[in-house]
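What the coordinates show
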Amino acid sequence: MSVEVEKVSKLYGSQRALDKVSFNINAGQVVGLLGPNGAGKSTMMKIISCYIPESEGSVKVCGYSTVTQSLDVRRNVGYLPEHNPLYPDMYVREYLRFVGGIYMNAGEAAKRTEEMIEITGLTPESKKKIGALSKGYRQRVGLAQAMIHNPAVLILDEPTSGLDPNQLAEIRNLIRNIGKEKTVILSTHIMQEVEAICNRVIIINKGKIVADDDTGMLRHKVKPSHEILVEFDKQIDSAVLKALPHVTSVKHSGGNKWMVSCSGDDDIRKDIFNLAVSKNITVLSMQKEESRLEDIFQQLTQS
Ligand code: ADP
Ligand code: MG
C-alpha cells in the first residue's frame, strides 16, 4: 500500500478542515482529490507530504508513519505545492541541482537533473532563469523538482491551475505518463481533469469524503438522467415536448434546437421522433448526452 490515511482530522483553531478522512491508495494508482475551494484538499496533501501534522488519526506512506518516520516519508514522496514556489533568479539547471543536492551528492544530482529535464520536456528552456519561463514551463520545473529523488508517491496540488489550453494538455499528458510508473495524487476542482487523468476519484467537501470510486463507476452513484439535444427543421411548441413521458425539462438552445432533459435510463429519442412525424416536422439531428460527471460533482458537493 502506497498511502494509508486513517481517520485523519485537522483542526485550525476551532475549524475542522478535515474530519475523520480515511482512504488507502495502492501503488500505481492515479487518484484525483476533487472538491470545491476550501474543501480541505491542500490540507490533506500537506499532511501526506509531512509539511503539517494531522490533529488526529494516522497517515502512512510506503509503510512509514508521517509522524515518527517523517524522513523516510519525505524520501518516498515528491510534492508540488499549490503555488509552486520557485526561485525566479535561479537558472533551471542550477535550481534542480540545488534541490537534488538535498537528497544526493552533487554528481548524482547533476545526473538526475539532466534526466528530469529530459522527462519533463524542459530541454529547450533549460538555459533560462526560472523567472523568464512561462507558467507551463514553471510547472514543468515544479514537477521536475518533485521527482528529482525518484519518489514512489507524487503529490501534486492543483498542478494545472492557471495554464492555457495548450499548456494544460501538455501537462496532463506529462502527468499521465508519470502515472504509469508512480502513485500519483493530484488535486483539482475541475471534474474534466479527473476524467482526463485519473483512474480513481476521491471527492471531498467541507473536510469529509463524499465519494470514492473508479472514475467510470461514479456515474452510477447518482440518479440516472440524460439529455437529448434535438434539432427540428421548423418551430415546435415546447409544451408538446414537455408532455412526453420522463421529460423533466425542455430548454431552447437557439434556432429550432431544444435540450430535452429526462429522468431515468429510458431512451425517449423514439418518442421525440414519432412526435415530430405526427406534427409533420422533420428531425434534423438528435444526440443523447449521458449525465456528466460535472453534474455529479455538483450534486455531491451541494449544501
Ligand atoms: P482546498 O485546498 O480544498 O481549497 P484547504 O485545505 O486549503 O482547502 O483549506 C481547507 C480549510 O482550512 C479552508 O477553510 C481554509 O480556510 C482553512 N485553512 C487552510 N489552511 C489554514 C491555516 N494555515 N490556518 C487556518 N485555516 C486554514
Ligand atoms: Mg488548495
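Everything numeric in this text was worked out from a predicted model, so none of it was measured. (Residues numbered from 1 in each chain as written. Chains lettered and ligands numbered in written order. Predicted model: local features only at pLDDT ≥ 70, side-chain atom pairs only at ≥ 80, totals over all residues. Heavy atoms only, no water.)

Turning next to the packing of aromatic side chains. Evaluated as defined, the whole model comprises three aromatic pairs. Centroid distance Tyr-51 to Tyr-79: 4.9 Å. Interplanar angle 50 degrees. Geometry classified as tilted. Pair noted here: Tyr-51 is in the loop between α1 (41–48) and β4 (56–61) and Tyr-79 is in strand β6 (residues 77–80), with a separation of 28 residues, a long-range link. According to the relative accessible area criterion, Tyr-79 is buried, its value standing at 10%. (Phe/Tyr/Trp six-rings, centres within 6.5 Å; stacked < 30°, edge-to-face > 60°. Helix = DSSP H or I, 4+ residues; strand = E, 2+ residues; numbered from the N terminus. Buried < 20%, exposed > 50% of the residue type's maximum accessible area, 1.4 Å probe, protein only.)

For the rest of this paragraph, the subject is the sheet that holds strand β2 (residues 15–25). Across the sheet, four strands lie side by side as β2-β1-β4-β5; this open sheet has antiparallel pairing. Strands with a single pairing partner mark the edges of an open sheet, and in this sheet they are β2 and β5 (64–65). Here two bridges tie β4 to β5, and the two strands are oriented antiparallel to one another. Paired with Lys-60 across the strands is Ser-65, a residue of β5. Strands in contact with α1 are β1 (3–12), β2 and β4; relative to β1, the strand with the most contacts, it is inclined by about 120 degrees. (Pairing = 2+ DSSP bridges. Contact = heavy atoms within 4.5 Å. Axes fitted to C-alpha atoms, helices over the stretch in contact; angles between N-to-C directions.)

Spatially, six strands are ordered β6-β7-β8-β3-β9-β10 in an open sheet, and the strand pairing comes out mixed. The open sheet has two free edges, formed respectively by β6 and β10 (208–214), since each of these has just one partner strand. Here the average twist between neighbouring strands, direction ignored, is 15 degrees. In this sheet, strand β8 (residues 183–188) lies alongside strand β3 (residues 30–34) in parallel orientation, the contact comprising five bridges. Within the sheet, the bridge partner assigned to Leu-34 lies in β8 and is Thr-188. Running over the sheet, α1 touches β3, β6, β7 (153–157), β8 and β9 (200–205) and is turned about 150 degrees from β8. With respect to the sheet, helix α5 (residues 135–147) is in contact with β6 and β7, its orientation differing from that of β6 by roughly 160 degrees.

Right, let's get into the side chain of Ser-2. On the secondary structure map, Ser-2 appears in the segment before β1. From its side chain, Ser-2 meets the backbone nitrogen of Ala-27 in a polar contact 3.5 Å long. At 3.0 Å, the side chain of Ser-2 and the side chain of Thr-183 are in polar contact. Apart from the residues within four sequence positions on either side, Ser-2 is in contact with Ile-25, Asn-26, Ala-27, Lys-60, Val-61, Cys-62, Val-153 and Thr-183. (Polar contact = N/O pair within 3.5 Å; in protein donor to acceptor, adjacent residues only side chain to side chain.)

Here we take up the side chain of Ser-187. Mapped onto the elements, Ser-187 comes out in strand β8. In this structure the side chain of Ser-187 is engaged in a polar contact, spanning 2.6 Å, whose partner is the side chain of Asp-157. Excluding its chain neighbours within four sequence positions, the residues that come into contact with Ser-187 are Leu-33, Lys-41, Met-45, Leu-156, Asp-157, Glu-158 and Pro-159.

Along the chain, Ala-109 turns up in helix α4 (residues 106–119). Put simply, Ala-109 and Phe-98 are eleven residues apart on the chain and 7.8 Å apart in space, counted from C-alpha to C-alpha. Among all residues touching Ala-109, those that are not within four sequence positions of it are Arg-97, Gly-100, Gly-101 and Met-104.

Side chains of β6 alternate between two faces, with Val-77 and Tyr-79 and Gly-78 and Leu-80 buried alike. Across four bridges, the pairing between β6 and β7 is parallel. In the strand pairing of β7, Tyr-79 is matched with Ile-155.

In this section: the domain arrangement of the protein chain. A common way to express how large an interface is: the accessible area buried when the components associate. Here the protein chain is described as being made up of domain 1 (3–214) and domain 2 (221–301). The centre of domain 1, based on its C-alpha atoms, is set 41 Å off from the matching centre of domain 2. For the pair domain 1 and domain 2, the summed buried surface comes to about 790 Å²; carbon and sulfur atoms form 69% of the total. Where domain 1 meets domain 2, there are zero residue pairs in polar contact (both at pLDDT 80 or more). Where the side of domain 1 that touches domain 2 is concerned, the elements lending two or more residues are α7 (191–197), β9 and β10. (Domains from an automatic or database assignment. Buried area = accessible area lost by both parts, 1.4 Å probe.)

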